[in-house]
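# A structural walkthrough
Read off the chains here:
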Amino acid sequence: MGIMSARVLGLALALAGGAWCAVPSPEAHFGHKMGEDRKLVDWSKVVSYFEALEKGSDRIRVKTLGRTTMGRPFIAAWMANPETLKDLERYREIQARLADPRTTTDPEALRLAQEGKTVVLITCSIHSTEVASTLTAVEFAWRLLNEERPKFKTILDNTIFILVPSLNPDGVDIVAQWYRKTLGTPYEGSSPPELYHKYVGHDNNRDWYIFSQAETRLAIEQLHNHWKPQIVYDVHQQGQYGSRMFVPPWLDPVEPNVDPILTQLCNMIGAGMAADLTAAGKKGVSINSSYDFWTPARHYQAYHGGLRILSESASARLASPLTVAPDEIRDTAPGYSPRVSSWNHLEPWLGGEWRLRDIIDYQSIAWESCLWQAAVRREDMLRAFYKVGQRAVARRTPAAFVIPKQQHDPAAARKLLQTLALGLVEVEEDAREYVVRMQQPYSAWAKTLLERQDYPDLRLYPGGPPRRPYDVTAHTLPLLMGVEVKPVEQLNSKGLTRASRFHFPAAKLLSASNGDSWREVNRVWRKGGSVWRDPASGDFSSKQVAGWVEKKRPRVGLYRSYMPQMDEGWTRWILEQFGWRYESVKNPEIRAGDLRGRFDAIIFPSQGPSSIHNGYRPGAMPPELAGGLGEEGAHALLDFARAGGTLIFLNESADYAIGHLGIPVRNAVRGIPSRDFYCPGSLLNVSLDEAHPLSQGLPQQLAVWFESSPAWEVSDGSPHRAVARYGERGLLASGWLLGERHLAKRAAVMDVRMEKGRAILFGMRPQYRGQSYLTLKMLFNALLLVE
């Protein structure tokens, strides 16, 4: 058939509602096949391809949901049969009615389950060095719309398939541009020397309950909350030397607020995907390994009536092939051995060539399996969705959580309530307090964020070292934000009304404890004015007050390594959100010296001391990116502090200060075996020295975020001051802590004098993932210490 004849036939079929698409194939549009060695795509071409699919087929609708952090279009595609797409709003209304059993009777739910469609949301490449899934999205969409297969017809007839080709479009281009730049060089296949999300890098997949980033909010507000999918399948890649693909069931622990119905359905769908992969001849498929089902930072839909399915495919070198020798296959994750056949890893993959095309093949089989199961069990999925909501509104313990309107930090309390509301939690109020009752569809979401976590003591073997969690173990927002929240077992609902906006009594002055006040301080500073601060209370005023100290805007530097650090990105984001001006400072600028002429304070985000001092080894990256601060940079930092500057070291970077700047304190927990001391992302109780300026505006007792953190010995006669200390017992506030005796009476924050200046050592992350509204005020206070 000639080209013109094919185009005419394609147009005729498209007009007739046929599956044949009058659009170019991926190869014709992009100039290469998906998965071809050493070929990645630009985001603009992905967008234009999905727009072309929409023009050529009546089985797809494409929408731009908004703009990314860096201004790119954020798109989603809806795929189903033409009749379904013509009536999308009706099916969305069915979803909404099934989601709330308070307004839908059992007979109505049965009827709606017969009429509705399983809504499946598949999301791709949130982690941009995991390049395959965006390419899989392009190819799979083309095949689903173009191939006349009974399975595909069943999927289109029984599901509404929402596809997000990338949750991080900015990163698609950041990685592709770096990859092309380094093709044919020794650095081919390396990761970019910048975060692949402007602010949070890999932590964009830890943002699903604080909703800090633009992309997260677009996905939550316009997809999750609007469509309430029964299945959310997030597509990832893992390391190169373990299994070829993970799918659920998940490892223990399962977060206790996830409904067991959802966990069982995850087990069912994931096991079906594994069976289909094995039947297709794909080896190295593991289940019930590697990844637990704990933190809501990765599992939003599991608290909103839906399944959260994850697949993790082995990676290549971005788009470059990888040869894996048999002896390179090694144990890298808990729950299985990639070299051994077991019930949850039946056919090991023991080496060979591994390409981008292989990843796409595995992912395509897994996608089809997930969608097929969702289609053939459509009514079961919808009935289960309704049942999960019924169980949620029947929850009785506790009856509610109460948030008093009188709060130490009104802005943080408002932020907490706004976060809950964005997650579809209903909030009521009377004159004195806000109330979150548990008899509502998304009570599990509220409960997991408001209560304290008790992570189980899991060991690799009895009496052995701990089995590390996949991420962290605590997510208690009241502790992170410094908000008083009380669970109650009985609730008097008289006088309660639905709250749509959240109002708290305003502080009289610009208190350092109030997030809004920091914005006001910076508004005054932006106009070139000064603010005044009470040395006793820490309160600010934009007008001069007798006895108060004038404070000018500090000149802030933020260390930015060529080895990108998520904590650095989070620090940038926090500083910008609260209006602080800062300059990013890189290795050459620090080594050049004369820092005191430019800055009053320099922040070092959490980063290992070796990577700060040594950076990339020679040959690992282009010469201009190799190396760290070295001795020259260390001397420049010492000169800066001795001349009156403030050095601020967050968490792991404090070990750099001790090891390379000669700060005379000892990390008391360094080198202790994990079987004796372990705290993998938890909230711990400390007491503050209320007389120290770092403590201004904060309560004397609070919880701090401990994650690979130091803790210091401080003798009674030391000239250096412990600003925050652990007590002798009862240190765990939320999460998991082994060996609390090793922290007893140790310092969590220190002020070390260095001639005219000082070093502030934070044995915590005071700005943890944009959530710790309470302790980030200590960071702000540290910026104002310059005399």
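Residues numbered from 1 in each chain as written. Predicted model: local features only at pLDDT ≥ 70, side-chain atom pairs only at ≥ 80, totals over all residues. Heavy atoms only, no water.

### Brief notes about the overall build of the chain
To keep it simple, the criterion reads: Strands here mean DSSP runs of E at least two residues long; helices mean DSSP runs of H or I at least four residues long; both are numbered from the N terminus. Partly exposed residues are those whose accessible area sits between 20% and 50% of the maximum for their type, while under 20% is buried and over 50% is exposed, using a 1.4 Å probe and protein chains only. Note on definitions: a residue-residue contact is assigned when non-hydrogen atoms from the two residues lie within 4.5 Å. In this description, accessible areas are obtained by the Shrake-Rupley approach with a 1.4 Å probe, and a residue is regarded as covered only by the protein chains that are shown. Residues scored as charged are limited to Lys and Arg (positive) and Asp and Glu (negative), so that His and the chain ends carry no count. Working definition for charges: the position is that of NZ of Lys, CZ of Arg, CG of Asp or CD of Glu.
Along its length, the chain carries 23 helices and 32 strands. Dimensions of the chain along its principal axes, counting C-alpha atoms only, are 85 × 70 × 60 Å. The proportion of buried residues among the 787 residues of the chain is 63%. Taking as baseline every contact in the chain between residues at least 6 positions apart, the subset at least 24 positions apart corresponds to 78%. Accessible area of the chain: about 29,100 Å², with a carbon and sulfur share of 49%. With 94 positive and 86 negative side-chain charges, the chain shows a separation of 2 Å between the mean positions of the two kinds.

### Some words on the sheet that holds strand β18 (residues 531-533)
Rule in force here: Think of it this way: DSSP has to see at least two bridges between two strands before they count as a pair.
Pairing is antiparallel across the open sheet formed by three strands, whose spatial order is β19-β18-β20. Each edge of the open sheet is held by one strand with a lone partner, namely β19 (540-541) and β20 (549-551). Bridge count for β18 against β19 is two bridges, and the pairing is antiparallel. Its bridge partner being in β19, R533 is matched across the sheet by F540.

### Notes on the sheet that holds strand β15 (residues 433-437)
One open sheet holds the five strands; their spatial order is β16-β13-β15-β14-β17, and the pairing between them is antiparallel. Either end of the sheet is taken by a strand with one partner, and the two such strands are β16 (486-488) and β17 (497-498). Note: strand β13 (residues 400-404) against β16, three bridges, orientation antiparallel. Bridge pairing in β16 places V402 opposite K486.

### Describing the environment of H32
Note on placement: H32 falls in the loop between α2 (26-30) and α3 (43-56). A residue is classified by how much of its surface remains accessible, and H32, at 8% relative accessible area, is buried. What H32 contacts, discounting residues up to four positions off in sequence, is P26, E27, K39, L40 and V41.

### Brief notes about the packing of aromatic side chains
So the rule is basically this: Pairing of aromatic side chains requires ring centres within 6.5 Å, counting the rings of Phe and Tyr and the six-membered ring of Trp. Pairs whose planes differ by under 30 degrees are stacked, by over 60 edge-to-face, and all others tilted. Either the NZ atom of lysine or the CZ atom of arginine qualifies as a charge over a ring when it sits within 6 Å of the ring centre and within 35 degrees of the ring normal.
Across all of its chains, the model carries 31 aromatic pairs by this definition. The interplanar angle of 15° and the centroid separation of 6.2 Å between the aromatic rings of F604 and Y656 together place this pair among those described as stacked. Here F604 is found in strand β23 (residues 601-604), whereas its partner Y656 is found in helix α22 (residues 653-660), with 52 residues between them in sequence. Pair check on accessibility: F604 and Y656 agree, each one buried. For the pair W705 and Y768, a centre-to-centre distance of 3.8 Å together with 15° between the ring planes defines the contact as stacked. Here W705, found in strand β27 (residues 701-707), pairs with Y768, found in the loop between β32 (757-762) and α23 (776-783); they are 63 residues apart in sequence, far enough to count as distant. Each member of the pair W705 and Y768 is classed as buried. Joined through ring pairs, the aromatic side chains of F246, W250, Y291, F293 and Y470 make up one cluster. Lying over the aromatic face of F152, R149 brings its terminal NZ or CZ to 4.4 Å of the ring centre. Geometry around W372 places K151 over its ring, the cationic atom sitting 5.2 Å from the centre.

### What about the pattern of salt bridges?
The line we're drawing: Definition used for salt bridges: Asp or Glu carboxyl oxygen within 4 Å of a side-chain nitrogen of Lys or Arg.
Enumeration according to the criterion identifies 51 salt bridges in this entry. Residue R378 pairs with E379 through a salt bridge whose shortest N-O separation is 3.9 Å. With relative accessibility at 28%, the residue E379 sits in the partly exposed group. Taking the shortest distance from any N to any O, the salt bridge between D471 and R769 comes out at 3.0 Å.

### Considerations on unusual backbone geometry
Phi is mostly negative for residues that are not glycine, and the peptide bonds are mostly trans. In this model, P248 is joined to P249 through a cis peptide bond whose omega is 15°. The linkage connecting D252 with the following residue, P253, adopts the cis geometry, with an omega of 0°. Counting through the fold element by element, P253 comes out in strand β7 (residues 251-254). Its identity as a non-glycine residue notwithstanding, S125 has a phi of 45°, on the positive side.

### A short note on helix α12 (residues 356-376)
In plain terms, the rule: Multiplying one less than the number of residues by 1.5 Å gives the expected span of a helix.
Under the 1.5 Å per step criterion, the end-to-end length of α12 is 31 Å for 21 residues, consistent within 8% with the ideal 30 Å. Of all 21 residues in α12, 15 are buried; the element is thus mostly enclosed.

### Some points on the environment of A474
Tracing the backbone through its elements, the reader meets A474 in the loop between α15 (443-450) and α16 (477-481). Note: C-alpha distance between A474 and P296 (178 residues apart in sequence) is 9.8 Å. Here A474 is in contact with Y209, Q453, G681, S682, L683, W705, S734 and G735, once residues within four sequence places are set aside.

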